[in-house]
Amino acid sequence: MSTDTPLVRMRGITKRFPGVLANDRVDLEVQAGQVHALLGENGAGKTTLMNILSGLYRADEGEIYIRGQRADLQSPRDAIDLGIGMVHQHFMLVEPQSVAENVILGLKAPGFFLDMARIERKIAEFSRQYGLQVDPRARIWQLSVGEQQRVEILKMLYRGVDILIMDEPTAVLTPLEVEELFVTLRRMADEGKAVIFISHKLGEVMAISDQITVLRGGRVVATVDTDQTTKEELARMMVGREVLFRMEKAPVEPGEVVLEVRNLRSLNDKGLPALRDVSFAIRQGEILGIAGVAGNGQRELAEVVTGLRKTADGCVLIADCDLTNRSPHRVIREQVSHVPEDRLGMGLIPNLAVSDNVILKSYRDPPLARGLFLDRLAITRFAARLIEAFSILTPSQETPVKLLSGGNLQRTILAREISAGPRLMVAVHPTRGLDIGATESVCNLLLKQREEGAAILLISEDLDELLSVSDRIAVMYEGEIMGIVDAEEADIEEIGLMMAGTKGLGTRDK
Ligand SMILES: Nc1ncnc2c1ncn2[C@@H]1O[C@H](COP(=O)(O)OP(=O)(O)OP(=O)(O)O)[C@@H](O)[C@H]1O
Ligand SMILES: [Mg+2]
């Protein structure tokens, strides 16, 4: 192979789904030794293109060459045999099994029995070589999301993959884990492998990639060298117009207390303490941001407030009504909205149409229900309005939501939860996986809810985002609130210290 032959060459790739042209004559070349980023708005066709390269989908038109040879990829197995592996956004690991068992899953056993000790040694070697820290004997359910991702990468290395595709790998990682992942990806590239990296975060793309291909509406807009471009130019290419990162935060006088939690104590799924004596209050017209590294009790807090998890101690008061350990249904009756972390698991019903998913909460009430019957016409109009207002990209209202792109799933949940006109909104990572334009509009939607008098509990790992929309920021560490600070006067360094476990800074809420 001459040095100019690209490791991957996709030519004229076209892929149609009913009502959608997902990829339109796409050309992509990726060189060995390169981290190549794929950028584009939600629904631009990034995942589809990579599903084709990894043998999951077949292109309708076009050719793929690997190391200069024409490749006919009929299945992920064929792709793996050619050294192509993809780590999807939703991991596909078997929870009760160990790391090592997951790594060898699906591989033919060499000989009659497996030499686990040898396999574990080999995994440990890869771990060291690429900085992928994980115990080969740990069970998957014991691992954090970041560690599970390392297992997925180890699985690929074990199979000899030298073209690694990662679909939005950083969306679920903490800032420290992102740094560690980048060290791993850089090492892989330095060894002559190719990494294809999908992300919506322009800062990350600028930091890790050598080249960037931008997609818009299924087509390639451009491929550029990272050191020859800027974030502003990338944003413009993605969206097709100038993008202003601007947020209008009007002054709002906080009203009555809407949510008050006192001395909450709760356990996580593993039976370990997740919340330790958590107390705070949020008023009408106020956004309380919760900062902290994921896994420090934020998710459990949202679940206790929305009735999805029991609290062992303490109480949840919504508009002076004691809702401690009441059902999610009861909580919804108090006009509580919830944008959950797990979109397809908890937020949406994957097989139902977009229109049915957006009415999940309001179908019992007029104007959508007339007596015992649903008014189909009213539903169609209601759904059409939301699809338009939230720019949900879908071939039709009847499309099952599981066929939408990642970002459009998120918009569907937001459309439903915000349109319910909530008194209290609990939003967990509401902008995760959204493109820049959508991130900006979600932040503005939250601010609008605030102006209309909603109380908002906003959980996010993005400090810049928290600082720009929140009124106050509470920092969580190991299930405890380390302090609550005013967003206007917040000191990023101080918040960072609290995120790492330093207590007593900032003003504690009563
Ligand atoms: N299996 C499928 N059936 C029907 N339509 C699909 C399917 N997979 C993807 N699509 C559609 O193809 C288009 C491109 O989707 P894709 O998932 O590739 O976008 P993406 O660039 O990865 O977006 P995101 O940033 O939101 O993840 C979307 O309109 C999506 O709804
Ligand atoms: Mg995608």
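Computed from a predicted model, the values in this text were never measured in an experiment. (Residues numbered from 1 in each chain as written. Chains lettered and ligands numbered in written order. Predicted model: local features only at pLDDT ≥ 70, side-chain atom pairs only at ≥ 80, totals over all residues.)

1. Some details on the environment of Ser-127
Inspection of the secondary structure puts Ser-127 in helix H4 (residues 116-130). According to the C-beta neighbour criterion, Ser-127 is buried, with 20 such atoms within 10 Å. Considered as a pair, Ser-127 and Leu-154 are 27 residues apart in the sequence and their alpha carbons are 7.4 Å apart. Apart from the residues lying within four places of it in its own chain, the contact partners of Ser-127 are Leu-132, Gln-133, Val-134 and Leu-154. (Helix = DSSP H or I, 4+ residues; strand = E, 2+ residues; numbered from the N terminus. Buried ≥ 20, exposed ≤ 12 C-beta atoms within 10 Å, placed from the backbone. Contact = placed C-beta atoms within 7 Å.)

2. Concerning the environment of Gly-433
Inspection of the secondary structure puts Gly-433 in the loop between strand S19 (424-428) and helix H15 (436-451). Taking the C-alpha atoms as reference, Gly-433 lies 14 Å from Leu-38; in sequence the two are 395 residues apart. Once residues within four sequence positions are removed from consideration, Gly-433 is found in contact with Glu-168, Ala-171, His-200, Gly-406, Gly-407 and Gln-410.

3. Topic: the packing of H4 against helix H5 (residues 145-158)
At a minimum axis separation of 10 Å, H4 and H5 run at an interaxial angle of 110°. Relative to H5, the element H4 is oriented roughly perpendicular. Along its contact with H4, which presents Ile-123, Phe-126, Ser-127 and Tyr-130, the element H5 presents Leu-154, Leu-157 and Tyr-158. (Axes fitted to C-alpha atoms, helices over the stretch in contact; angles between N-to-C directions. Parallel < 35°, antiparallel > 145°, perpendicular 65-115°, else oblique.)

4. Notes on the site of ligand 1
The immediate surroundings of ligand 1 are formed by 18 residues, with Phe-17, Asn-42, Thr-47, Ser-405 and Gly-407 found nearest. Listed by contribution, the elements that provide at least two residues to the shell around ligand 1 are strand S2 (20-30), helix H1 (46-53) and helix H14 (406-419). Among the residues forming the shell around ligand 1, the class breakdown is 7 nonpolar, 10 polar and 1 charged. Two domains each provide a minimum of three residues to the shell around ligand 1, namely domain 1 (8-239) and domain 3 (342-420). (Near = placed C-beta within 6 Å. Nonpolar A, V, L, I, M, F, W, Y, C, P; charged D, E, K, R; others polar. Domains from an automatic or database assignment.)

5. What about the pairing of strand S13 (residues 286-291)?
Counting buried positions along S13 yields 6 of 6 residues, so the element is predominantly enclosed. Covered by surrounding structure in S13 are Glu-286, Leu-288 and Ile-290 together with Ile-287, Gly-289 and Ala-291, the residues of both alternating faces. Judged from the 5 bridges that link them, S13 and strand S20 (residues 455-459) form a sheet pairing that is parallel. Bridging from a neighbouring strand, Ile-287 pairs with Ile-456 of S20. Sheet topology note: the S13/strand S21 (residues 472-477) ladder contains 4 bridges and is parallel. Across the sheet, residue Ile-290 finds its bridge partner in S21, namely Ala-474. (Pairing = 2+ DSSP bridges.)

6. A short note on the domain arrangement of the protein
Domain boundaries in the protein define domain 1 (8-239), domain 2 (255-335 + 422-510) and domain 3 (342-420). Taken together, the contact between domain 1 and domain 2 spans 10 residues of the former and 11 residues of the latter. For the side of domain 1 that touches domain 2, the per-class residue count stands at 4 nonpolar, 4 polar and 2 charged.

7. Comments concerning the sheet that holds S19
Pairing within the open sheet is mixed, and its 6 strands lie in the order S16-S19-S20-S13-S21-S22. Since the sheet does not close on itself, it has two edges, and those belong to strand S16 (336-339) and strand S22 (480-486), each with one partner. Geometrically, the sheet is characterised by an average inter-axis angle of 15° between neighbouring strands, direction not taken into account. When S19 meets S20, the two strands line up parallel, connected through 5 bridges. Bridge assignment links Ala-427 to a residue of S20, and that residue is Leu-458. Strands in contact with H14 are S16 and S19; relative to S16, the strand with the most contacts, it is inclined by about 170°.

8. Quick look at the sheet that holds strand S10 (residues 219-225)
One open sheet holds the 6 strands; their spatial order is S6-S7-S8-S3-S9-S10, and the pairing between them is mixed. Taken across any chain shown, the strands that pair with only one partner, and hence form the sheet edges, are strand S6 (84-87) and S10. Put simply, the sheet's adjacent strands are angled 20° from each other on average, direction ignored. Across 6 bridges, the pairing between strand S9 (residues 211-216) and S10 is antiparallel. Paired with Arg-216 across the two strands is Arg-219, which belongs to S10. On the sheet, H1 packs against strand S3 (35-40), S6, strand S7 (163-167), strand S8 (194-198) and S9 and is oriented at approximately 150° with respect to S7. Lying over the sheet, H5 contacts S6 and S7, oriented at roughly 170° with respect to S6.

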